[in-house]
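These are the residues of each chain, in order.
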Amino acid sequence: MDILQIVGIGFLATVLILVIREQKPMFAYLLAAFVGVAIFLAFVGKIDDVISVIEELADRSGIPTVYLKTMLKIIGIAYIAEFGAQIVRDAGLESIAAKIEFAGKMLILVMAVPIISVIVETVLNLLPA
């Protein structure tokens, strides 16, 4: 699926949602959520190609796979948290969306601690004693 198809689906869904919202607001929200999930799923398959390229680059550069996997998980958490927050925001629940984003950020911080500690150790080892 290319970007023109995604934009077309988005415009079509927007028009339908605007028409339906007046009579059936719940159906309008469900349509918005469904279209959002469909767009998300359309691009999940393309992520595999990106991961393959990143793994190849990491192998050539000698980066341990544990760091690469952690970074990919962090990126995945960021995208999923943002996606979930946007769906909740579409329902008009800004406070819950903010909590989803906060939880995603906290989970990212927890997962980043091992990488941060390695960076700090490396910098300390470079400094003269």
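Our structure is the block above this text.
Remember, predicted model here, so these are calculated numbers, not experimental data. (Residues numbered from 1 in each chain as written. Predicted model: local features only at pLDDT ≥ 70, side-chain atom pairs only at ≥ 80, totals over all residues. Heavy atoms only, no water.)

1. Regarding the pattern of salt bridges
Pairing is possible between side chains that carry opposite charge, provided their charged atoms lie close to one another. One pass over the full model with this rule turns up 3 salt bridges. Of the charged contacts, one joins Arg60 and Glu56 as a salt bridge, the two residues approaching to 3.5 Å between their closest N and O atoms. Here Arg60 pairs with Glu56, and both are found in helix α2 (residues 25–61), just 4 residues apart, close to one helical turn. For Glu56, a relative accessible area of 45% gives the class partly exposed. Across the pair Arg89 and Glu94 runs a salt bridge, and its minimum N-O distance is 2.8 Å. Arg89 gets classed as partly exposed once you look at its relative accessible area, which sits at 23%. Accessibility expressed as a relative area gives 44% for Glu94, which makes it partly exposed. Counted as one network, the salt bridges with shared partners bring together Arg89, Glu94 and Glu101. (Salt bridge = Lys/Arg side-chain N within 4 Å of Asp/Glu carboxyl O. Helix = DSSP H or I, 4+ residues; strand = E, 2+ residues; numbered from the N terminus. Buried < 20%, exposed > 50% of the residue type's maximum accessible area, 1.4 Å probe, protein only.)

2. Concerning helix α1 (residues 3–23)
With 21 residues, α1 should reach 30 Å at 1.5 Å per residue; the first-to-last C-alpha distance of 31 Å fits that figure. For α1, the complete set of buried residues consists of Ile6, Ala13 and Ile17. Here the buried face of α1 lies against α2. (Expected span 1.5 Å × (residues − 1). Contact = heavy atoms within 4.5 Å.)

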